[in-house]
Number of protein chains: 2
Amino acid sequence: MNEALRNPKMRMAVKMRANAAQKEATDIEKKGRKASKETRRLQLIEATIDSLAKRGYAETTLADVADGAGLSRGIVNFHFESKEKLLVATLQAMADEYANHWYTALEKAGPRPADQLWALVAADFDRRICTKRKLAAWCAFWGEAKSRPTYQALCGARDVKYQEMVIALCAALKAEGGYDYTAETMALSLSSMLEGLWLRLMMGDGLTREKAHEAAIEAIVAMFPKHIARNGPK
Amino acid sequence: MNEALRNPKMRMAVKMRANAAQKEATDIEKKGRKASKETRRLQLIEATIDSLAKRGYAETTLADVADGAGLSRGIVNFHFESKEKLLVATLQAMADEYANHWYTALEKAGPRPADQLWALVAADFDRRICTKRKLAAWCAFWGEAKSRPTYQALCGARDVKYQEMVIALCAALKAEGGYDYTAETMALSLSSMLEGLWLRLMMGDGLTREKAHEAAIEAIVAMFPKHIARNGPK
DNA sequence: ATATTTTGAATGAATATTCAGCAAGTATGT
DNA sequence: ACATACTTGCTGAATATTCATTCAAAATAT
């Protein structure tokens, strides 16, 4: 750990280039103390994601989060009561962002199921969602989810509603095109593949977002040949 | 933690029904004290998997492992020098078992690519490999893998050789049947889907091994319709 | 002046690691 | 046979470390 950061005089410099949240936040924020509270929370959540990505769940400490945010040691317990609550808030924020993202992507896609499926897959590999940093944080939570009900509930990022949506799309395509699988089964294969690709991306290995997206497309082309081609929905 | 276990007189009873490794081991080994070094190591590795599955990576303590094995607190540092080394040995053991399993499944399948692919998929959902307990342990390691090179290297359970094998099978089927995707891309979709199904199985949600296997089959039927049907290779 | 936010040292709990000693077995000498 | 030293596996109390949490005091904003 960088002990220089414990010197308050050195922190100013760090704050300037701290994390992305702060930069975004300062655009919106005035000097109002109420706004400031929410801003700090976001800043700390971003620092938590950084730490999870850099050190993994087990090695993430409040000291590291505070240092990452360019703030002092006691800060987390002031804004979130406990480490546990910070982590839950972090997961919640990621889950909200994810759900929000696929939902709006779907709305933009229009009414045709093939277009919607295409958009849903594309959303998963969008720049904003699919960063190494966030994937690593997701994976850190997945690793702990089985033994923590709170995480498990939130960790269905691709949660019940997402799964229902995929099933509905598979069912719609089946009705249109006469494929002979059951919608639930194919939806499970499909969404599992997307999750698996995330996992692989996180692991590194020179796999890029573009290549992963391509693999996902190749698979849905195979699954729905009458509706989807490599270059888009038919 | 069960404090009763700290009483040595209570341990005998625990030892009798401790973990699977010991049971297997007693077939080969003598009794109690004479348990060989290798046997103890296996016993502790099994207890580690139990603890990972029950409490997750972050909450797994040496005390819990020792208790699970029905042995005393200092035992792990005696047989493996450190917690870290115990965990690496555990991951190594799981990786070896996994690699061994798919490799022999492939040998039994005979020379035809379609048969081999079918066998490879079946191997992933085999009773012996695909238990809640082991999946949970895998996932615990995945969560830490990004930040630990040692884990990362071993965590490719579906490692380089596995991936090469899947690519080779996709290429062989393509050559036989004239599908028009690239083998590497389809292999990536396929193996990611298998991993994703593991992840889902681990998360619970009432998904069974059989249902997951079914979903995998449905997908390879869609990918290789000329070679594979729901009830087996053509 | 008051309220809010932040700091950083102190505290205490959890837990990995160490190690001196015990016990069970094994080899050697008588 | 028996005694003696030696080896190996194991124990559990003591130690050291790491880290979340607390809080009195300082800084900052209203």
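Refer to the structure above for everything that follows.
Reference entry: report on the structure contained in this document.

**What about helix α6 (residues 83-108) of chain B?**
Residue and element names in this part refer to chain B. Over its 26 residues, α6 runs 38 Å from end to end, which matches the ideal 38 Å to within 8%, given 1.5 Å per residue. The set of residues buried in α6 consists of Leu-86, Leu-87, Ala-89, Thr-90, Leu-91, Met-94, Ala-95, Tyr-98, His-101, Trp-102, Ala-105 and Leu-106. Downstream of α6 by a residue or two, Gly-110 has a phi angle that is positive, lying close to 85 degrees.

**With respect to the relation of the copies chain A and chain B**
The transformation that overlays chain A on chain B combines an axial shift of 0.0 Å with a rotation of 179 degrees, and the residual RMSD is 0.1 Å. The transformation just described matches what one would write down for a two-fold rotation axis.

**Points about the side chain of Thr48(A)**
All names here are of chain A. Along the polypeptide, Thr-48 turns up in helix α3 (residues 33-55). For Thr-48, a relative accessible area of 0% gives the class buried. Once residues lying within four places of it in the same chain are set aside, the contact partners of Thr-48 are Val-65, Leu-86, Leu-87 and Thr-90.

**Remarks on the pattern of salt bridges**
What the rule picks out here adds up to 33 salt bridges over all chains. Asp64(B) is the salt-bridge partner of Lys54(B), the closest N and O atoms lying 3.4 Å from each other. Within this pair, whereas Lys54(B) is found in helix α3 (residues 37-55), its partner Asp64(B) is found in helix α4 (residues 62-69), the two being separated by 10 residues in sequence. We classify Asp64(B) as buried; its relative accessible area is 11%. As a salt-bridge pair, Asp64(B) and Arg55(B) come within 3.6 Å of each other at their nearest N and O atoms. Using a relative accessible area of 24% as the deciding quantity, one classes Arg55(B) as partly exposed. Look at the salt bridges and you will find they share partners, linking Glu59(A), Glu84(B), Glu144(B) and Arg148(B) into a network.

**What to know about the nonpolar core**
Side chains of nonpolar character tend, in soluble globular proteins, to be buried together. By size, the foremost hydrophobic cluster in this structure holds 149 residues, and its most contacted members are Phe125(A), Trp142(A), Phe224(A), Phe125(B), Trp142(B) and Phe224(B). Residues in contact with Phe125(A), not counting those within four places in the same chain, are Cys130(A), Leu194(A), Leu197(A), Trp198(A), Leu201(A), Arg209(A), Ala212(A), His213(A) and Ala216(A).

**So, the packing of aromatic side chains**
Counted according to the given criterion, the structure contains 24 aromatic pairs over all chains. When the ring of Tyr98(B) is compared with that of Trp138(B), the centres are 6.4 Å apart and the planes differ by 75 degrees; the resulting orientation is edge-to-face. Taken together, the positions of Tyr98(B) in helix α6 and Trp138(B) in helix α8 (residues 132-145) put the pair 40 residues apart, joining distant regions of the chain. Residue classification places Trp138(B) among the buried residues on the basis of a relative accessible area of 3%. Through successive ring pairs, a cluster of aromatic residues spans Tyr98(A), Trp102(A), Tyr103(A), Trp138(A), Tyr162(A) and Trp198(A). Above the face of the Tyr179(A) ring, Lys226(A) is positioned so that its terminal group lies 5.1 Å from the ring centre.

**Section: the packing of helix α11 (residues 183-203) of chain A against helix α11 (residues 183-203) of chain B**
Between two packed helices, both the angle of their axes relative to each other and the distance between the axes serve to describe the pair. Closest axis-to-axis distance for the α11(A)/α11(B) pair is 6 Å, and the angle between their directions is 100 degrees. With respect to their mutual orientation, α11(A) and α11(B) come out roughly perpendicular. Across the interface between the two elements, Leu188(A), Ser189(A), Ser191(A), Ser192(A), Met193(A), Glu195(A), Gly196(A), Leu197(A), Leu199(A) and Arg200(A) from α11(A) touch Leu188(B), Ser189(B), Ser191(B), Ser192(B), Met193(B), Glu195(B), Gly196(B), Leu197(B), Leu199(B) and Arg200(B) from α11(B). Residues of the contact of α11(A) with α11(B), tallied by class, amount to 8 nonpolar, 8 polar and 4 charged.

**Quick word on the packing of α11(A) against helix α12 (residues 209-223) of chain B**
One way to put it is that α11(A) packs onto α12(B) with a least axis distance of 8 Å and a crossing angle of 85 degrees. Viewed along their axes, α11(A) and α12(B) adopt a mutual orientation that is roughly perpendicular. Taking contact as the criterion, the partners of Thr185(A), Met186(A), Leu188(A) and Ser189(A) in α11(A) are, on α12(B), Lys211(B), Glu214(B), Ala215(B), Glu218(B), Ala219(B) and Ala222(B). A breakdown of the residues in the contact of α11(A) with α12(B) according to their chemical character gives 5 nonpolar, 2 polar and 3 charged.

**Focus: the side chain of Thr90(B)**
Secondary-structure assignment places Thr90(B) in helix α6. Given a relative accessible area of 0%, Thr90(B) falls into the buried group.

Rules used in this analysis
Residues numbered from 1 in each chain as written. Chains lettered and ligands numbered in written order. Predicted model: local features only at pLDDT ≥ 70, side-chain atom pairs only at ≥ 80, totals over all residues. Heavy atoms only, no water. Helix = DSSP H or I, 4+ residues; strand = E, 2+ residues; numbered from the N terminus. Expected span 1.5 Å × (residues − 1). Buried < 20%, exposed > 50% of the residue type's maximum accessible area, 1.4 Å probe, protein only. Least-squares fit on C-alpha atoms with pLDDT ≥ 70 in both. Contact = heavy atoms within 4.5 Å. Salt bridge = Lys/Arg side-chain N within 4 Å of Asp/Glu carboxyl O. Core = buried A, V, L, I, M, F, W, Y, C linked by side-chain atoms within 4.5 Å. Phe/Tyr/Trp six-rings, centres within 6.5 Å; stacked < 30°, edge-to-face > 60°. Lys NZ or Arg CZ within 6 Å of the ring centre and 35° of its normal. Axes fitted to C-alpha atoms, helices over the stretch in contact; angles between N-to-C directions. Parallel < 35°, antiparallel > 145°, perpendicular 65-115°, else oblique. Nonpolar A, V, L, I, M, F, W, Y, C, P; charged D, E, K, R; others polar.

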